[in-house]
Amino acid sequence: QVQLVESGGGLVQAGDSLRLSCAASGRTYTMAWFRQAPGKEREFVAAITYSGHSTYYADSLKGRFTISRDNAKNTVYLQMNSLKPEDTAVYYCAAGTVTERAVVPDRYDYWGQGTQVTVSS
């Protein structure tokens, strides 16, 4: 059993940076961030393997977002730079024993409740 709690969301202006955190209770392997805007399907943002040596990003976010983790603290982070209004969404942390297709939401067993990120123009 894994419990995930996201934090760090808020209201920022376009061009600002924000770092999200996801604190986990229990064993985790691959962890990921997804986001969902109103009226849209849940969208893959980034994923990271347990070792931290492999990361995956949505093509449109490469270069702006960085995922990392601190296994000693059992926490994963999402550093978001140069934020745009279209980044506005609820951001969800996910975890699971994922060995392939890490970009697919159904591959993850555990989800946090989400944290709101709003970027004004």
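Residues numbered from 1 in each chain as written. Predicted model: local features only at pLDDT ≥ 70, side-chain atom pairs only at ≥ 80, totals over all residues. Heavy atoms only, no water.

*Asks:* Explain the overall build of the protein residue by residue, including any values.
*Replies:* Within the protein, the regular secondary structure consists of 0 helices and 11 strands. Secondary structure elements of the protein occur, N-terminal to C-terminal, as β-β-β-β-β-β-β-β-β-β-β. Its C-alpha atoms give the protein a radius of gyration of 13 Å, near enough to 14 Å, the size a compact globule of 121 residues would have. By its C-alpha atoms, the protein is 40 × 25 × 25 Å across when sized along the principal axes. Counting over 121 residues, the protein shows a buried share of 44%. In the protein, of all internal contacts separated by at least 6 residues, the share reaching a separation of at least 24 is 55%. Accessible surface, the protein as shown: approximately 6,400 Å² in total, 44% of it carbon and sulfur. With 12 positive and 11 negative side-chain charges, the protein shows a separation of 4 Å between the mean positions of the two kinds. (Helix = DSSP H or I, 4+ residues; strand = E, 2+ residues; numbered from the N terminus. Rg over C-alpha atoms; globule rule 2.2 N^0.38 Å. Buried < 20%, exposed > 50% of the residue type's maximum accessible area, 1.4 Å probe, protein only. Contact = heavy atoms within 4.5 Å. Areas by Shrake-Rupley, 256 points an atom, 1.4 Å probe, with all protein chains shown as cover. Lys, Arg positive; Asp, Glu negative; His and termini not counted. Charge placed at Lys NZ, Arg CZ, Asp CG, Glu CD.)

*Asks:* Go over the nonpolar core, please, and point to the residues and values.
*Replies:* Judged by nonpolar contacts, the single largest core of 35 residues is most densely connected at Met31, Trp33, Leu78, Met80 and Tyr91. Those elements that provide at least two residues to this core are β3 (18-25), β4 (30-36), β5 (43-48), β7 (65-70), β8 (75-80), β9 (89-96) and β11 (115-120). In contact with Leu78, not counting residues within four places along its chain, are Leu18, Arg19, Leu20, Trp33, Val45, Ala46, Phe65, Thr66, Ile67 and Tyr91. (Core = buried A, V, L, I, M, F, W, Y, C linked by side-chain atoms within 4.5 Å.)

*Asks:* If you had to explain the pairing of β9 to someone new, which residues and values would you point to?
*Replies:* If a strand is regular, its side chains alternate between the two faces of the sheet. Of all 8 residues making up β9, 8 are buried, and the element is well covered by its neighbours. Here β4 pairs with β9 via 7 bridges, running antiparallel. Bridge pairing links Ala32 to Ala94 in β9. In this structure, β9 lies alongside β11, joined through 3 bridges in antiparallel fashion. (Pairing = 2+ DSSP bridges.)

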